[in-house]
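# Chains, contacts and geometry: an overview
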Amino acid sequence: MAARMVQVSGLEVQEFASRSGFVLTDDVARHLAGYLELLMQWNRVMNLVGTRSWQETFSALVVDSLHLGRFLEKEGIVADTTWDLGAGAGLPGLPLRMIWTQGTFWMVEAREKRAIFLSTVLARFPLPQTHVFRGRAEQFMAGPPPRRADLVMSRAFMPWADVLALVRDNLTPQGAVLLLLRECHLSELENEAQARHWTLKAAADYKVGQTRRTLCALAPMP
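An account of the accompanying structure is given in this report. None of these values were measured; they are calculated from a predicted model. (Residues numbered from 1 in each chain as written. Predicted model: local features only at pLDDT ≥ 70, side-chain atom pairs only at ≥ 80, totals over all residues. Heavy atoms only, no water.)

### Here's the deal with unusual backbone geometry
Rules: The numbering of helices and of strands both runs from the N terminus, where a helix is a DSSP run of H or I of at least 4 residues and a strand a run of E of at least 2.
Here the amide bond leading from L91 into P92 is cis, since omega sits at 15°, within 30 degrees of zero. Structurally, P92 is set in the loop between β1 (81-85) and α4 (93-99). Cis geometry marks the peptide bond from P144 to P145, where omega comes out at -10°. One can find P145 in the loop between α6 (137-142) and β4 (149-154). Phi at H197 takes a positive value of approximately 70°, unusual for a residue other than glycine.

Following this line, the structure appears as structure tokens:
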């Protein structure tokens, strides 16, 4: 017997968003519902995420994108070019892009099947100036010509100190790295970042279930 297709409605997505303190427009909710349908269908054979239902995925993972969008707007972070390194299954990048549409957005993913999934989502639900690069981050940044970013996002791509070292020379003069961290001691991170000649521009904490999560924007010192 064929597996039952996953079906998600925009109204259900809006309800789940409301429980977490967010209001989504009908268009955003519809696109996000479609993304969650595809993610759950592909997840049956590719193990894209550890969650097993769209509801669990929303509550555990998509909510990060909503907090991230709120953080970017609140802090007034402006970016003509944003990179999401190690984009994986598109979390937080794809839901974020549905609510935050500044500039050009690149999702960089070295694993072929995940990159194909990202491209499939964008083919089904086009997002403005949003692209997928299938390959390693080093290859992407090298160009030619060498690429520069105003904002680099990273969650579970590599240890955060390694991310800072990797992208430092590829940031614009006002560029920053945005880290999504779990159970972070912010004072320790700030001290270690300063030792590496980076400064903390902005930070915010929030909770998902019983887990505290931290968003922080770091910029290289002159």
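From this point, the narrative continues.
### Quick notes on the pairing of strand β6 (residues 198-208)
In regular strands, side chains alternate between the two faces of the sheet. The condition that has to hold: Any two strands are treated as partners once DSSP identifies two or more bridges connecting them.
Bridging between β6 and strand β7 (residues 211-220) involves ten bridges; their strand directions are antiparallel. Bridging across to β7, T199 finds its partner in A219.

### Concerning the environment of F71
For clarity, the threshold we go by: Type-normalised accessible area, obtained with a 1.4 Å probe on protein chains alone, sets the label of each residue: buried when under 20%, exposed when over 50%, and partly exposed for intermediate values. The contact criterion used throughout is that any non-hydrogen atoms of two residues lie within 4.5 Å.
Tracing the chain through its elements places F71 in helix α3 (residues 54-75). Of the residues examined, F71 reaches a relative accessible area of 4% and is grouped as buried. Note: C-alpha distance between F71 and A202 (131 residues apart in sequence) is 9.1 Å. For F71, the residues in contact, after removing those within four places along its chain, are I77, L178, A202, A203, A204, L215 and A217.

### Thoughts on the packing of aromatic side chains
Quick note on the threshold: Note on aromatic pairs: the rings of Phe, Tyr and Trp (six-membered ring only in Trp) are paired at centre separations within 6.5 Å, and the planes decide the class, stacked below 30 degrees, edge-to-face beyond 60, tilted for the rest. Here, a charge over a ring means that NZ of Lys or CZ of Arg falls within 6 Å of the ring centre while also lying within 35 degrees of the ring normal.
By the definition in use, this model includes seven aromatic pairs. Ring plane angle 45° and centroid distance 6.3 Å describe the contact between Y35 and F117, whose orientation is recorded as tilted. Of the two residues, Y35 sits in helix α2 (residues 26-46) while F117 sits in helix α5 (residues 112-124), which places them 82 residues apart along the sequence. The class of F117 is buried, set by a relative accessible area of 0%. Arranged with centres 5.1 Å apart and planes meeting at 80°, the rings of W83 and F140 form a pair that is edge-to-face. Taken together, the residues span a long stretch of sequence, with W83 in strand β1 and F140 in helix α6 at a distance of 57 residues. With relative accessibility at 1%, the residue W83 sits in the buried group. Ring-pair connections join several aromatic residues into one group, and the members of that group are W83, W106, F133 and F140. Of note, R19 hangs over the ring of F16, and the distance from its end group to the ring centre comes to 4.4 Å.

### Let's talk about helix α7 (residues 160-167)
Of all eight residues making up α7, six are buried, and the element is well covered by its neighbours. All of the buried residues along α7 are W160, A161, V163, L164, L166 and V167.

### Structural notes on the sheet that holds strand β3 (residues 130-134)
What counts is decided by this rule: Axis definition: a line fit to C-alpha positions, over the contact stretch in the case of helices; interaxial angles, taken between N-to-C directions, run 0 to 180 degrees.
One open sheet holds the seven strands; their spatial order is β3-β2-β1-β4-β5-β7-β6, and the pairing between them is mixed. Whereas interior strands pair on both sides, the edge strands pair on one side only; in this sheet they are β3 and β6. Direction aside, the axes of adjacent strands within the sheet are offset by 20° on average. Two strands pair when backbone bridges link them, and strand β5 (residues 171-182) and β7 are joined in this way by six bridges, in the antiparallel orientation. Across the sheet, V177 pairs through a bridge with L218, a residue of β7. In the packing of α3 onto the sheet, the strands contacted are β4, β5, β6 and β7, and the crossing angle to β6 comes to about 135°. Together, β1, β4, β5, β6 and β7 form the strand contacts of α7, whose direction differs from that of β5 by roughly 165°.

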